[in-house]
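Summary of structural features
This is what each chain is made of:
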Amino acid sequence: MQPVTQRPADTATSAHDRVYRGLRTRIMHGQIAPGQALTLRGLGKEFDVSMTPAREAVNRLVAEGALSMSSSGRVSTPELTNERIEELAALRSLIEVELASRALPRAHMALIERLQTINAGIADVVSNRDAVGYIRTNLEFHRTLYLRAQAPAMLAMCETVWLQLGPTMRALYSRLRRSEPPQYHRLIIAALKAGDEPGLRLAVRSDVTQGLRMLAG
């Protein structure tokens, strides 16, 4: 059987996708600070690609609100205003409460045990003062629950909000200096065990908005 050779267009697509996914993950997990400038040359060198896939990946992330581009072409992570933080906190509340509610009927014990394991991991990164690890593990907790909602369009919207908030969340957690996992995660798990939808909705709403509102305040 002859090996499949990659066409130039396929190579360009995979290079663009690699830069996009790598940069997207870093932004979502708060590995890039708010207002930090990025250059196409720097991204090309970092990901070992030409300027074209780097530019395509950046344009895609600008369209998603993960990066901002000035009239002069300067690319950076956005520095969110208090009003924008409030807006995104409200969006998190609306979307994530609905996702959790839809996940509840499918919240079997294996899911609950998985959430408990992830939450234990959050305790480890908190004790190590690892802000990026905290954001990554916290989002894993929420994503694991929301996947049970079987609502892919809603989850995609949710991830776009997370993406826009990533750098700001890093600034928030660095400021809060947490010493323990979020108290509302325990309430989320307890509500799932009890099949308590009102309790679950309240716990998720509190969890996703409390810290952001503190930052906006």
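What counts and how
- Residues numbered from 1 in each chain as written.
- Predicted model: local features only at pLDDT ≥ 70, side-chain atom pairs only at ≥ 80, totals over all residues.
- Heavy atoms only, no water.
- Salt bridge = Lys/Arg side-chain N within 4 Å of Asp/Glu carboxyl O.
- Helix = DSSP H or I, 4+ residues; strand = E, 2+ residues; numbered from the N terminus.
- Buried < 20%, exposed > 50% of the residue type's maximum accessible area, 1.4 Å probe, protein only.
- Core = buried A, V, L, I, M, F, W, Y, C linked by side-chain atoms within 4.5 Å.
- Contact = heavy atoms within 4.5 Å.
- Expected span 1.5 Å × (residues − 1).
- Axes fitted to C-alpha atoms, helices over the stretch in contact; angles between N-to-C directions.
- Parallel < 35°, antiparallel > 145°, perpendicular 65-115°, else oblique.
- Nonpolar A, V, L, I, M, F, W, Y, C, P; charged D, E, K, R; others polar.

Moving on: the pattern of salt bridges. Scanning the model with the defined rule gives 10 salt bridges in all. Among the salt bridges present, the one from Glu87 reaches Arg84, with a minimum N-O distance of 2.8 Å. Residue Glu87 and its partner Arg84 are located together in helix α4 (residues 82-103), separated by 3 residues, close to a single helical turn. Look at Glu87 and you get partly exposed, because its relative accessible area is 42%. For Glu159, the salt bridge goes to Arg143, with nearest N and O atoms at 2.6 Å. Taken as a pair, Glu159 in helix α7 (residues 152-176) and Arg143 in helix α6 (residues 131-147) lie far apart in primary sequence, 16 residues in all. Using a relative accessible area of 15% as the deciding quantity, one classes Glu159 as buried. By relative accessible area, which is 25% here, Arg143 ends up partly exposed.

With that settled, the discussion passes to the nonpolar core. Ranked by size, the top nonpolar core spans 63 residues in total, and within it Leu99, Leu145, Tyr146 and Leu192 carry the most contacts. Per-element accounting of this core gives the leading share, 10 residues, to α7. Every residue in contact with Leu99, bar those within four places of it in the chain, is listed here: Tyr146, Ala149, Ala151, Met154, Leu155 and Cys158.

Moving on to α6. Look at α6: 24 Å from first C-alpha to last across 17 residues, which is about the 24 Å you get at 1.5 Å a residue. Taken across its 17 residues, α6 has 13 buried, putting it largely inside the fold.

Contact pair helix α5 (residues 109-127) / helix α8 (residues 183-194): the axes reach a minimum separation of 10 Å and the direction vectors enclose 170°. Considering their axes alone, α5 and α8 lie roughly antiparallel with respect to each other. Contacts between α5 and α8 pair Ile112, Leu115, Gln116, Asn119 and Ile122 from the former with His185, Arg186, Ile189, Leu192 and Lys193 from the latter. Taken together, the residues that form the contact of α5 with α8 break down as 5 nonpolar, 3 polar and 2 charged.

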